[in-house]
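# Architecture and fold: a report
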Amino acid sequence: MSTPATPPRSLAEALRHRDDVSLAALLRSRPDLITPVPTDLTQLATRAGTRGSVVRALERLDRFALQTAEALAVAADPASYDELVGLMAGDARDVAVVQALPRALATLREQALVWGADDRLRLVRTARELLAPSPQHPSPTGLGPTVAEATAGMSPGRIQEIVTAAGLPSSHDSVSAVAALTKLFAARRRMKALLGRAPAESLEVLTRLVWGPPYGQVTAEPASHLRWLIDRGLLLPTAPGTVVLPREVALHLRAGRAHRETEPVAPVVEAKATHRPQVVDTTAAGQAYTALATVEELLKDWDEGGPTVMRAGGLSVRDLKRTAVALDVAEPVAAFWVELAYAAGLLASDGDADERYAATPALDEWLELPAAQRWARLVEAWLAGTRTSGLVGGRDAKERTLSALGPGLDRSAAPEVRHRVLGLLAGLPEGASPAAESVLARLRWERPVRGAGGAQPGPQEGDDLRSRLARWTLSEAEMLGVTGRGALSAQGRALLGSRGVAADPTGVPDPTGVPAASGPGDKLPVHHHHHRPPTPPDPLSPAEQAAASAAAARLLAPLLPEPLDHVLLQADLTAVAPGPLERPLADMLDVLADVESKGGATVYRFTPGSVRRALDAGRSASDLHDFLSAHSRTPVPQPLAYLIDDVARRHGHLRIGAASAYVRCDDDAVLSEILADKRSAGLRLRRLAPTVLAAQADPAALLEGLRAMGFAPAAESAEGDVVITRAHAHRTPPRTAPEPVPDGPPTPDATLLSAAIRAIRAGDRASTTPLKTTPSPSGDLPRTSSAETLATMQAAVLTGDTVWIGYVNAEGSASQRVIAPIRVEGGFVTAYDHTADEVRTYPLHRVTGVAELAEG
């Protein structure tokens, strides 16, 4: 990097002297600056100073870096490094602040919020406007306007009266008088002497205003102790009945500090308890198994079609309650599992006229995966998703209730907060669970809550969005088995990838260890060069996250229980599954029996209805006997065998078809019994023949009615065959998982950064290199005729010179490019385009003008 002969006069000049490493750091930390890629460094500097970009950059500063920017906003423009140290560390020169300040200043420089040498530090104008004190937007420092600003509309006579009352000699003009008063207030010894003569009541007033807000109300005839302050300019009028404490006076009373409390070091994440790592991992594995079982149960419950979609989208409150009861969890937890399945692409709306939620075709593929891989899919969707189930039940800006699976649940900060919380947990010793409040305190330090416009700090009571996201993350990570007993598990640690999270002396992770480069105009004192602005690790790319999830699944797999191929049949018509069952066995048991209880072991109960359900699904009695004998570690109890045979003997004895509906039976005595039963009156049956009854009810209602009377009829088709009724697995058409809502432009990768920097450098060279020809008065590229263009191009081919051209593409968009012509033939010029960093071919008729570049 070359050293400029003179200090930079603008942010563009400061950027021009940066090297590629430093520019890459800027574009990585502020990706909105290359969306789209600027044409040159001047445009980059202009974009870096726009309000939206500056607000976004300020919101991503840690608390101490933000306090440094706020101090520069109340300092002189430009300010010296020593002046900044005084504002941050005070007259006592707080050692911790002095040591941390280079790191904060390097952060501001890297993000192009501050530029200039140490003796001329400048905060970009937009940031100063956002952070400087004003009546409409008080400064976070609590400071008011300077003496010069507060006296701007004051009459010269009144200014002379104040100067005289303060013990200063009168001046010939107001500018000199204000400068003398400012110098007095900034001189510690002289100010001490002045305040030593103040009444005690006057000093009490100053004490109330010193840390802000600096404004106060006075009557038309102020009390004597207030008059003493007003007469000497220690309070200056800003409007009728309003006075303000000048900034210089407040800084004297604060011993030079811009902030009441500075926080140079990040709060430490404290360990609340420590467990053996093996206990943490096995506990987390148990939670992971429960998570899989819960999601499977939810999707099984919705297998034949779930709740209807509300007109505004999402689940109704009633359907969420039903789901919570079915899963035996609280409603907020049920909302989490529903949203997680949706984020993983396992359920969606079917899009039918009577729109309902149902499982997607992806569910069948997911169920075929090993348990650990199924868990990894869920966790990967959770980490990357922006839908936030914790908001369910709350209200949006229009006071509409937010519902599960409905609109308005996306929060773009969620993935970053989840990764950051896990990163902080990874920084603790293995097996250590954090104190939740220390995690929240750390996150608030890393991203302070800011008010509208980025000018005011928000509330710190822990109810901001990032704090709520962090609380939800800690809870959700435990439910998913990413953590166990509050500590990060081995599989959870693997989810963060191979980068690791190492803490630097400031307490903030520094994943790269590469020093950030600064331009010569941004040169720090020699003893400050080893400091680098620490930042949390960049998010993993999709490929890196997939690899990390696979590694986590490999660690989890040995900790999950192996699926069993057997159950234990009991004499009380129950079966006990002592662990997870293989899928074919579990699916068959779900048809043949009802789940009675869950936990470490699942208890199934056989009932006449459940056996009939299996027979309706096409199984015969002998099939059921063989199935139970093959999969039971205990003999099939006699009561269960009798139950199956009894239900099978009666199953299908009656046949129901469509008349509206009919009942037929070879035994006319059974039909007579049905007709004589008073409970059949609602079916409105009549005998058509000795073995046939007709009904006005539909076949389904007739089937249910006779079953309620204790019979076991079977439905039949129009051909007279028994209709086999299997559970119908309703699936939506192919659906993709919801895309996360990005938090601004994505962080550019190394390839994009390299290409963008080359293009910006080339464009900057084109805009700043002097021409051999005389430019037009307007500064545009001189236009040349076709003959002149052709001749210049041909000469450049022979000499190897680089030229500057104006070019209009097929869409009519004009641009300026720096090219080195290689060949000219057939109306085209083939050249190495420095702007695009590749060889391109241009039609000569689209070249509007050409000029040779000066040597060097």
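Calculation criteria
- Within each chain, residue numbers correspond to sequence positions counted from 1 in written order.
- Totals for whole chains, interfaces and linings use all residues, but because this is a predicted model, local features are given only for residues with pLDDT of at least 70 and pairs of side-chain atoms are given and counted only at 80 or more.
- Computation of side-chain values: all heavy atoms of the structure, hydrogens and water removed.
- In this analysis, strands are considered paired if DSSP registers two or more bridges between them.
- By definition, any uninterrupted DSSP run of H or I lasting at least four residues is a helix, any uninterrupted run of E lasting at least two residues is a strand, and each is numbered from the N terminus.
- Angles here are taken between N-to-C directions and fall from 0 to 180 degrees, while the axes themselves are lines fitted to C-alpha atoms, restricted in helices to the stretch in contact.
- When describing relative orientation, an angle under 35 degrees is termed roughly parallel and one over 145 degrees roughly antiparallel, while 65 to 115 degrees is termed roughly perpendicular and anything else oblique.
- Left-handed describes a crossing whose near helix is turned anticlockwise from the far helix by less than a right angle; the clockwise case is right-handed.
- Only heavy atoms enter the contact rule, under which two residues are in contact if any of them lie within 4.5 Å.
- Under the scheme applied, nonpolar residues are Ala, Val, Leu, Ile, Met, Phe, Trp, Tyr, Cys and Pro; charged residues are Asp, Glu, Lys and Arg; polar residues are all the others, including Gly.
- Throughout, the protein atoms alone are placed on a 1 Å grid, and a set of points is a cavity if a 1.4 Å probe fits but cannot get out or a pocket if it is open with protein on both sides within 12 Å along at least five of seven lines; lining residues have an atom within 4 Å of a point.
- Grid points are joined across faces, edges and corners, and a volume is the space filled by probe spheres set on the points.
- Exposure categories follow from relative accessible area, calculated using a 1.4 Å probe and restricted to protein chains: below 20% of the type maximum is buried, above 50% is exposed, and the middle band is partly exposed.
- Whenever a nitrogen or oxygen atom comes within 3.5 Å of another N or O atom, the pair is scored as a polar contact, on the condition that within protein one atom can donate a hydrogen and the other can accept it, and that pairs from neighbouring residues in sequence are kept only if both atoms are in side chains.
- Salt bridges are counted wherever a side-chain nitrogen of Lys or Arg sits within 4 Å of a carboxyl oxygen of Asp or Glu.
- By nonpolar core is meant a set of buried Ala, Val, Leu, Ile, Met, Phe, Trp, Tyr and Cys residues that side-chain atoms within 4.5 Å join together.
- What counts as a ring pair is set by centres within 6.5 Å for rings of Phe, Tyr and Trp (its six-membered ring), and what kind of pair is set by the plane angle: stacked under 30 degrees, edge-to-face over 60, tilted for all other angles.

## Thoughts on the sheet that holds strand 3 (residues 215-217)
- Reading across from one edge, 3-5-4 is the order of the 3 strands in this open sheet, with antiparallel pairing throughout. Two strands lie at the open edges of the sheet, namely strand 3 and strand 4 (236-239), each paired on one side alone. With strand direction ignored, the average angle separating the axes of adjacent strands in the sheet is 40°.
- Where strand 4 meets strand 5 (residues 242-244), 3 bridges bridge the pair, whose relative direction is antiparallel. Each residue of the ladder has a partner; that of proline 237, found in strand 5, is valine 243.

## Some remarks on the packing of helix 21 (residues 414-426) against helix 22 (residues 436-446)
- One way to put it is that helix 21 packs onto helix 22 with a least axis distance of 11 Å and a crossing angle of 120°. Classified by the angle between their axes, helix 21 and helix 22 sit oblique to one another. Regarding helix 21 and helix 22, the two cross each other, and that crossing is right-handed. Mapping the contact onto sequence places Val417, Arg420, Val421, Leu424 and Leu425 in helix 21 and Val439, Arg442, Leu443 and Glu446 in helix 22.
- By residue class, the composition of the contact of helix 21 with helix 22 is 6 nonpolar, no polar and 3 charged.

## Describing empty space enclosed by the protein
- The final tally for this structure, using the stated rule, is 1 cavity of 30 Å³ or more.
- Taken as a whole, the largest cavity encloses approximately 110 Å³ of empty space.
- Forming the walls of the largest cavity are Phe336, Glu339, Leu340, Ala343, Ala381, Trp382, Gly385, Arg387, Thr388, Ser389, Arg418 and Glu476.
- Among the elements of the structure, helix 18 (331-343) and helix 20 (371-384) are those that each provide at least two residues to the lining of the largest cavity.
- Among the elements that line the lining of the largest cavity, the one with the most residues is helix 18, at 4 residues.

## Observations concerning helix 5 (residues 63-73)
- Taken across its 11 residues, helix 5 has 11 buried, putting it largely inside the fold.
- Arg63, Phe64, Ala65, Leu66, Gln67, Thr68, Ala69, Glu70, Ala71, Leu72 and Ala73 are the residues of helix 5 that are buried.
- The distance from a side-chain oxygen at the start of helix 5 to the backbone nitrogen of phenylalanine 64 is 3.0 Å, and the residue carrying that oxygen is aspartate 62.

## Some thoughts on the pattern of salt bridges
- Enumeration over the complete set of coordinates arrives at 35 salt bridges.
- With its nearest N and O atoms 2.6 Å apart, the salt bridge here joins arginine 387 to glutamate 339. Residue arginine 387 is found in the loop between helix 20 and helix 21, and its partner glutamate 339 is found in helix 18; the two are separated by 48 residues along the sequence. The same class applies to arginine 387 as to glutamate 339, namely buried.
- The closest approach of N and O atoms between glutamate 596 and arginine 605, which form a salt bridge, is 2.4 Å.
- Of the residues examined, glutamate 596 reaches a relative accessible area of 44% and is grouped as partly exposed.
- One connected set of salt bridges, linked through shared partners, spans Arg158, Glu161, Arg227 and Asp231.

## A short note on the packing of helix 10 (residues 156-165) against helix 11 (residues 174-186)
- Where helix 10 contacts helix 11, the axes come no closer than 10 Å and their chain directions differ by 35°. As helix 10 runs across helix 11, the sense of the crossing is left-handed. Across from Pro156, Ile159, Gln160, Ile162 and Val163 in helix 10, the residues of helix 11 making contact are Ser174, Ala177, Val178 and Leu181.
- In terms of residue class, the contact of helix 10 with helix 11 is built from 7 nonpolar, 2 polar and no charged.

## Quick word on the sheet that holds strand 23 (residues 828-833)
- Read from one edge of the open sheet, 5 strands run 24-23-22-21-25, paired in antiparallel fashion. The open sheet has two free edges, formed respectively by strand 24 (838-843) and strand 25 (847-852), since each of these has just one partner strand. Strand-to-strand twist in this sheet, taken as the mean axis angle between neighbours without regard to direction, amounts to 45°.
- Both strand 21 (residues 803-808) and strand 25 contribute to a ladder of 5 bridges, which runs antiparallel. The residue of strand 25 that forms the bridge with valine 803 is glutamate 852.
- Each of strand 21, strand 22 (814-825), strand 23 and strand 25 is contacted by helix 33 (residues 786-799), which is oriented at about 65° to strand 22, the strand it contacts most.

## Concerning the nonpolar core
- In terms of nonpolar packing, the biggest core is built from 93 residues, with Phe185, Leu234 and Leu235 touching the most fellow members.
- Once residues lying within four places of it in the same chain are set aside, the contact partners of leucine 234 are Phe185, Met191, Leu194, Leu195, Leu206, Trp228, Leu229, Val244, Leu245, Pro246 and Val249.
- Listed in part, the 64 residues of the second largest apolar core include Leu327, Ala341, Ala414 and Ala470.

## Observations regarding the packing of aromatic side chains
- Enumeration according to the criterion identifies 3 aromatic pairs in this entry.
- Summarising the aromatic geometry, the rings of tyrosine 807 and tyrosine 842 are spaced 4.8 Å apart at their centres and angled 70° between planes, so their arrangement reads as edge-to-face. Placement of tyrosine 807 in strand 21 and of tyrosine 842 in strand 24 is noted, with a sequence separation of 35 residues between them. Of the two residues, tyrosine 807 and tyrosine 842, both sit in the buried class.

## Details of the pairing of strand 15 (residues 602-605)
- Direction of pairing for strand 13 (residues 574-577) relative to strand 15: antiparallel, over a ladder of 4 bridges. Following the sheet pairing, threonine 574 is matched in strand 15 by arginine 605.
- With 3 bridges joining them, strand 14 (residues 594-597) and strand 15 adopt antiparallel strand pairing. Paired with valine 595 across the two strands is tyrosine 604, which belongs to strand 15.

## Focus: the environment of proline 140
- Looking at the element boundaries, proline 140 is found in the loop between helix 8 (125-131) and helix 9 (147-150).
- Proline 140 gets classed as partly exposed once you look at its relative accessible area, which sits at 23%.

## A word on the environment of arginine 650
- Within the secondary structure, arginine 650 sits in helix 29 (residues 638-650).
- Distance from arginine 650 to proline 713, taken between C-alpha atoms, is 7.6 Å for residues 63 residues apart in sequence.
- Leave out the neighbours within four places in its chain, and arginine 650 touches Gly710, Phe711 and Ala712.

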